[in-house]
Amino acid sequence: MSDPIPVLTIDGPSGSGKGTISRLVAQRLGWHYLDSGALYRAVGVAAGWADLDLDDAGALVRCTFDTDIGFRESAEGDLRVLVNGHDATDELRTETAGAAASAIAAIPEVRAALKDRQRAFRRAPGLVADGRDMGTVIFPDAPFKVFLTASAAERADRRYKQLKDKGVSVTMDGLLREILARDARDASRTVAPLRPAEGAVHIDTTGLGIDAVVERVLAVVAP
Ligand SMILES: Nc1ncnc2c1ncn2[C@@H]1O[C@H](COP(=O)(O)OP(=O)(O)OP(=O)(O)O)[C@@H](O)[C@H]1O
Ligand SMILES: Nc1ccn([C@H]2C[C@H](O)[C@@H](COP(=O)(O)O)O2)c(=O)n1
């Protein structure tokens, strides 16, 4: 029997706006939200704390099972991520954590270990789930699927502004290189590679503002 709780999956490459758009769409729909990348980032951060080698797949799989990951809303309404009881939200958002997450995410046993944790987010009245394999692997039966993209140059520009606002010093060239490297690794791995789910609505957000993208995504759920 198919699950009656609706899911909207939003997959796409780094910096395409998945997190921003998913949060806003979830708020508008009154649905729950899953930031699946935060789970991979949390394992990456925990692995860093334990000084694990990113080539040691066995240790990383054990680390995935041993890492407690919690989400809670702060008094200001933003989502905080707790890794083994510590608020690691800011550390999770660094490019280092993103690159570690991308490397760890290529290990099949790590992905398998996180599957049920992701599916547990499917609760009434509905779920908006963002990531790389939400529509292809985790919620293949989702009734609504979106694939968000934007040119690599625009994604690097967005990331540059985001990091500059936080006072982090980066160069556009460096960011573009990191984005292209992460795209290549996420799309070329053998297990659950980044690709659009069958039937996903493609939305190219290059040159589109956040509000316009939110409306387009909402139209997928309620045309
Ligand atoms: N349509 C848009 N127009 C302009 N800026 C945008 C748009 N969508 C997102 N942004 C901005 O781009 C930055 C990256 O967005 P976001 O973190 O949501 O992307 P993401 O796809 O979730 O990235 P990642 O996969 O690396 O977590 C943020 O600063 C966000 O405010
Ligand atoms: N469903 C997912 C979510 C994330 N990943 C990996 C690949 C990403 O580069 C990395 C960080 O994700 P982000 O926070 O940038 O969305 O985690 C994945 O393989 N599958």
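Sequence order as written defines residue numbering, which begins from 1 separately in each chain. Chains carry letters and ligands carry numbers; both start at the beginning, A for chains and 1 for ligands, and go up in the order they are written. Per-residue local features are limited, in this predicted model, to residues with pLDDT of at least 70; the limit for side-chain atom pairs, both in listing and counting, is 80 or more; totals at the level of whole chains, interfaces and linings are taken over all residues. No hydrogens and no water enter the side-chain calculation; it runs on all heavy atoms of the structure.

In the nomenclature of an unreviewed UniProt entry, the chain corresponds to Cytidylate kinase from the organism Luteimonas kalidii. Taken from UniProt, the Subcellular location (unreviewed entry) comment for the chain reads in full: "Cytoplasm". UniProt positions are given in the numbering used here, feature names are shortened, and annotations may be inferred rather than shown by experiment. Turning to the chain, the UniProt record has this under Sequence similarities (unreviewed entry): "Belongs to the cytidylate kinase family. Type 1 subfamily."

## Re the site of ligand 1
In this text, near means that some heavy atom of the residue lies within 4 Å of the molecule or strand in question. Surveying the vicinity of ligand 1 reveals 19 residues, the closest of which are Lys18, Gly19, Thr20, Arg159 and Leu208. Between ligand 1 and Gly19 there is a distance of 2.9 Å, counted from an oxygen atom to a backbone nitrogen or oxygen. Separating an oxygen atom of ligand 1 from a side-chain N or O atom of Arg93 is a distance of 3.0 Å. Accessible surface area values rest on a Shrake-Rupley calculation with a 1.4 Å probe, where residue burial reflects the displayed protein chains alone. Protein chains shield 82% of the accessible area of ligand 1, which is 630 Å² for the free molecule. Helix and strand assignments follow DSSP, with helices taken as H or I runs no shorter than four residues and strands as E runs no shorter than two, numbered in order from the N terminus. Within the residue set of the shell around ligand 1, elements represented by two or more residues are helix H1 (18-29), helix H8 (152-165) and helix H10 (210-221). Each residue gets one of three labels, nonpolar for Ala, Val, Leu, Ile, Met, Phe, Trp, Tyr, Cys and Pro, charged for Asp, Glu, Lys and Arg, and polar for the others, Gly among them. Partitioning the shell around ligand 1 into residue classes produces four nonpolar, eight polar and seven charged. Under this definition, polar contacts are N or O atom pairs within 3.5 Å; protein pairs additionally need one hydrogen-donor-capable and one acceptor-capable atom, and for neighbouring residues in sequence, both atoms have to be side-chain atoms.

## Section: the UniProt feature "binding site: ATP" (unreviewed entry) in the chain
On the UniProt side, "binding site: ATP" (unreviewed entry) is annotated at positions that read Gly12, Pro13, Ser14, Gly15, Ser16, Gly17, Lys18, Gly19 and Thr20 here. Note on placement: Gly12 falls in the loop between strand E1 (7-11) and H1. Excluding residues within four positions of it along the chain, Gly12 makes contact with Lys18, Gly131, Arg132, Phe147, Leu148 and Leu194. For Ser14, the location among the structural elements is in the loop between E1 and H1. Burial classes: relative accessible area under 20% of the type maximum marks a residue as buried, over 50% as exposed, and values in between as partly exposed (1.4 Å probe, protein chains only). With relative accessibility at 4%, the residue Ser14 sits in the buried group. Not counting chain neighbours up to four residues away, the residues in contact with Ser14 comprise Arg132, Arg155, Arg159, Arg182 and Asp183. Should any heavy atoms of two residues lie within 4.5 Å, those residues are counted as being in contact.

## Here's the deal with the sheet that holds strand E5 (residues 86-87)
By the convention used here, strands pair only if DSSP detects at least 2 bridges between them. Taken in spatial order, the three strands line up as E3-E4-E5 in an open sheet, and their pairing is antiparallel. At either end of the open sheet lies a strand with only one pairing partner, and these are strand E3 (69-73) and E5. When strand E4 (residues 79-83) meets E5, the two strands line up antiparallel, connected through two bridges. Considered in E5, the bridge of Leu82 is made with Asp87.

## A closer look at the site of ligand 2
Taken together, the neighbourhood of ligand 2 is formed by 15 residues, with Arg41, Arg111, Arg132, Arg182 and Asp186 sitting nearest. Between a nitrogen atom of ligand 2 and a side-chain N or O atom of Ser36, the distance comes to 3.0 Å. For ligand 2, the accessible surface in isolation is 440 Å², of which the surrounding protein chains cover 98%.

## Some words on the nonpolar core
We call a set of buried residues a nonpolar core when its members are Ala, Val, Leu, Ile, Met, Phe, Trp, Tyr or Cys and they connect through side-chain atoms within 4.5 Å of each other. If you look at the biggest cluster of nonpolar residues, it comprises 32 residues, and the most contacted ones within it are Leu34, Leu92, Val110, Leu127, Ala129 and Phe139. Listing elements by their share of this core, those giving two or more residues are helix H2 (36-49), helix H3 (57-66), E4, helix H5 (95-104), helix H6 (108-119), strand E6 (127-131) and helix H7 (134-138). The biggest single contributor to this core is H2, with eight residues. Aside from chain neighbours lying at most four places away, what touches Ala129 is Val7, Leu8, Thr9, Ile10, Leu34, Met134 and Phe139.

## Things to note about the packing of aromatic side chains
Think of it this way: a Phe, Tyr or Trp ring, Trp meaning its six-membered ring, pairs with another when their centres are within 6.5 Å, and the plane angle makes it stacked under 30 degrees, edge-to-face over 60, tilted otherwise. As enumerated under the stated definition, the model contains two aromatic pairs in all. Summarising the aromatic geometry, the rings of Trp31 and Phe144 are spaced 6.5 Å apart at their centres and angled 35° between planes, so their arrangement reads as tilted. With a gap of 113 residues between them, Trp31 in the loop between H1 and strand E2 (32-35) and Phe144 in strand E7 (residues 144-149) connect regions that are remote in the sequence. In terms of burial, Trp31 and Phe144 fall into one category: buried. For the pair Phe71 and Phe121, a centre-to-centre distance of 5.6 Å together with 85° between the ring planes defines the contact as edge-to-face.

## Considerations on the environment of Arg158
Note that Arg158 resides in helix H8. Classification of Arg158 by relative accessible area gives partly exposed; the value is 26%. Those residues in contact with Arg158, other than ones at most four positions away along the chain, are Gly15, Ser16, Gly17, Ala150, Thr205, Thr206 and Leu208. Engagement of the side chain of Arg158 in a polar contact is seen with the backbone oxygen of Gly15, the distance being 3.3 Å. One polar contact links the side chain of Arg158 to the main-chain carbonyl oxygen of Ser16, over a distance of 3.2 Å.

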